[in-house]
Amino acid sequence: MYKKAFIKDVLARGQDLEGSSVRICGWVHRIRDLGGVKFVILRDRTGMLQVVFKKGELEERVLKEVEDLREESVVCIDGFLRRAPTREGFEVAASSLIVLSKPVEPLPLEVHSSLKAGLATRLRYRWIDARNPLVSKIFLLKSWVARKFREYYSSQGFVEIFTPKIVASGTESGANVFPVLYFDKVAYLAQSPQFYKQFAVIAGFERVYEIGPVFRAEPHHTIRHLNEYHSLDIEVGFIESYHDVMDYVEGFFRKLATDIKEVSDILEAFQAPEIRIPETGIPRIPIRRVYEILESEYGKRIPYGEDLDPEAEKLLGSYVREKYNSDLVFVTEYPWRVRPFYAMRKDDEPEWTYSFDLLFRGLEVVTGGQREHRYERLRENLRDKGLKEEEFQYYLEFFKHGAPPHGGAGMGLERITMQILGLQNIREARLLPRDTERITP
RNA sequence: GCCGCGGUAGUAUAGCCUGGACGAGUAUGCGGGCCUGUCAAGCCCGUGACCCGGGUUCAAAUCCCGGCCGCGGCGCCA
């Protein structure tokens, strides 16, 4: 290994290391060449540190080599750490330089100002864009959210599962799936692990979670949709009502809210506020009540029994922010006509379902609910939706041999990341986004 | 899928409405030079662009049509 320490760790031990020799490796962020003294700002994943090459302090030969450096050259530098009036309080007085790689052509994007470029350009040259410390922080946060997800659900007795992404049919109508050639058959990329996480519960694992890619063939042109994204999925058996599912979702968001201090540096960089959840819990408002609130508070009319549109979600977001001091709100009991066939309908009001969405700062980030686990009811639901039973035969079979009452939720990892940081476009939260036109790099 | 806006050096922009000194400006990058304490280093010299195709016109970066691409709104969703 060329590299022993990250810059952040060197700086953290600055007191102890002062005067002793260190090696740091990374990318050349900036070069300030004053002739007899040359400053190189070296950057790695964890931070930046100034390196000084000074005439009289090192061999002439090394000083010459520095003149060949370009921004984004990859180097290792040996030197000793000393105090200096830099932002970090320290600098490395270089004694030698190892050049591991040098750009073969001018950079199409400048790392330090990449955010001034258009998103299309940045994504085209994402390997350079992502070196921008602010950009990389998005993915450090995303990684953190995924880790918290695993931590939380593991601690609640959930088992991580890994389900197929090549499937025989869509989970609903099949209209928005990507077909793939599977030997001599047509298969599809999974639009959701829905059926298989239910399968896992029924197969006896009781509580399961999965982090995996999902694929949506919708030709949307918005700042909140991707054709490939990562879904945080849970499914849990032996629930008494869909409120049990919401409790588990709420538990995860509470963990995010309380542990967010671990990544406060990232939040600060984005000037993002902490996540507000009231002591009394995330409000749970039936959609029929939401219609009333929207109408009376904002004069916004949603046809009774229809889904909320993006404007309605934003309005509701600011409503709960003011009324409950909450960044989050559950909208519950969605109409049967806008929910999939596997949703459980209310016992007394079959036109409404035991389902919910979770809105985070006015954007839908989670969908969930109780599933219909009763074989005959499930068949009825299919009929009601005008779907052909044959097409869901393999799914229906799961329910023939003992299925506990269960429910679950799917959460959009990129949407959660986007909302925590206040990103303006979901593509920012995906290293290599797939959208209607973009399949490279 | 429907609708709207846009495409100028590597990057980001000015110019377009009102066609003509636009021979396309500026910043940054890139190439070169000066400089021993910079920190968005500075200063000097150089380099480099009107998306593609067609049309209107004496004349098109500018107006019109088509295509491709980009951005966004809606629908759908996480």
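Computed from a predicted structure; not experimentally measured.

(A) Structural context of unusual backbone geometry. Omega for the bond connecting Thr440 with Pro441 falls within 30 degrees of zero, at -5°, which places this linkage in the cis form. Note on placement: Pro441 falls in the segment after helix 14 (413-421). Backbone geometry at Asn325 places phi at a positive 55°, although glycine is not the residue there. Inspection of the secondary structure assignment puts Asn325 in the loop between helix 11 (310-324) and strand 13 (328-332).

(B) Quick look at the packing of aromatic side chains. Within this structure, the stated rule accounts for 28 aromatic pairs. Relative to Trp127, the ring of Tyr125 has its centre 5.8 Å away and its plane inclined at 75°; by these criteria the two rings are edge-to-face. Judged by its relative accessible area of 47%, Trp127 falls in the partly exposed class. Put simply, the rings of Phe195, Tyr196, Phe199, Phe341, Tyr342, Phe392, Tyr394, Tyr395, Phe398 and Phe399 pair up and form one aromatic cluster.

(C) Focus on the pairing of strand 15 (residues 363-370). Extensive coverage of strand 15 is indicated by the burial of six of its eight residues. Two strands pair when backbone bridges link them, and strand 14 (residues 355-360) and strand 15 are joined in this way by six bridges, in the antiparallel orientation. By the bridge assignment, Asp357 is partnered in strand 15 with Thr367. Here strand 14 folds back onto strand 15 in antiparallel fashion, the turn holding two residues, of which Arg361 has a positive phi close to 50°. Judged from the five bridges that link them, strand 15 and strand 16 (residues 406-412) form a sheet pairing that is antiparallel. Counterpart to Val366 in the pairing with strand 16 is Met411.

(D) Geometry of the domain arrangement of chain A. Structurally, chain A comprises domain 1 (7-101) and domain 2 (128-429). A C-alpha centroid distance of 47 Å is found between domain 1 and domain 2.

(E) Quick look at the pattern of salt bridges. Counted according to the given criterion, the structure contains 50 salt bridges. Measuring nitrogen to oxygen at the nearest pair gives 4.0 Å for the salt bridge that ties Lys64 to Glu67. One end of the pair is Lys64 and the other is Glu67, both in helix 3 (residues 60-68) and three residues apart, which spans about a single turn. A relative accessible area of 38% means that Glu67 is categorised as partly exposed. Among the ionic pairs, Glu151 bridges to Lys255, the shortest N-O distance being 3.8 Å. Of the two residues, Glu151 is situated in helix 6 (residues 133-155) and Lys255 in helix 8 (residues 242-259); the sequence distance between them amounts to 104 residues. Take Glu151: its relative accessible area is 35%, and that puts it in the partly exposed class.

(F) Structural view of the state of the cysteines. A full pass over the atoms with the stated rule returns one disulfide. The disulfide bridge from Cys25 ends at Cys76, spanning 2.1 Å between sulfur atoms. On the sign convention where negative is left-handed, the bridge of Cys25 and Cys76, at about 105° about the S-S bond, is right-handed. In this pair, Cys25 sits in strand 1 (residues 21-33) while Cys76 sits in strand 4 (residues 74-83), placing the two residues 51 residues apart along the sequence. Residue Cys25 shares its accessibility class with Cys76, and that shared class is buried.

Calculation notes
- Residues numbered from 1 in each chain as written.
- Chains lettered and ligands numbered in written order.
- Predicted model: local features only at pLDDT ≥ 70, side-chain atom pairs only at ≥ 80, totals over all residues.
- Heavy atoms only, no water.
- Helix = DSSP H or I, 4+ residues; strand = E, 2+ residues; numbered from the N terminus.
- Phe/Tyr/Trp six-rings, centres within 6.5 Å; stacked < 30°, edge-to-face > 60°.
- Buried < 20%, exposed > 50% of the residue type's maximum accessible area, 1.4 Å probe, protein only.
- Pairing = 2+ DSSP bridges.
- Domains from an automatic or database assignment.
- Salt bridge = Lys/Arg side-chain N within 4 Å of Asp/Glu carboxyl O.
- Disulfide = S-S within 2.5 Å.

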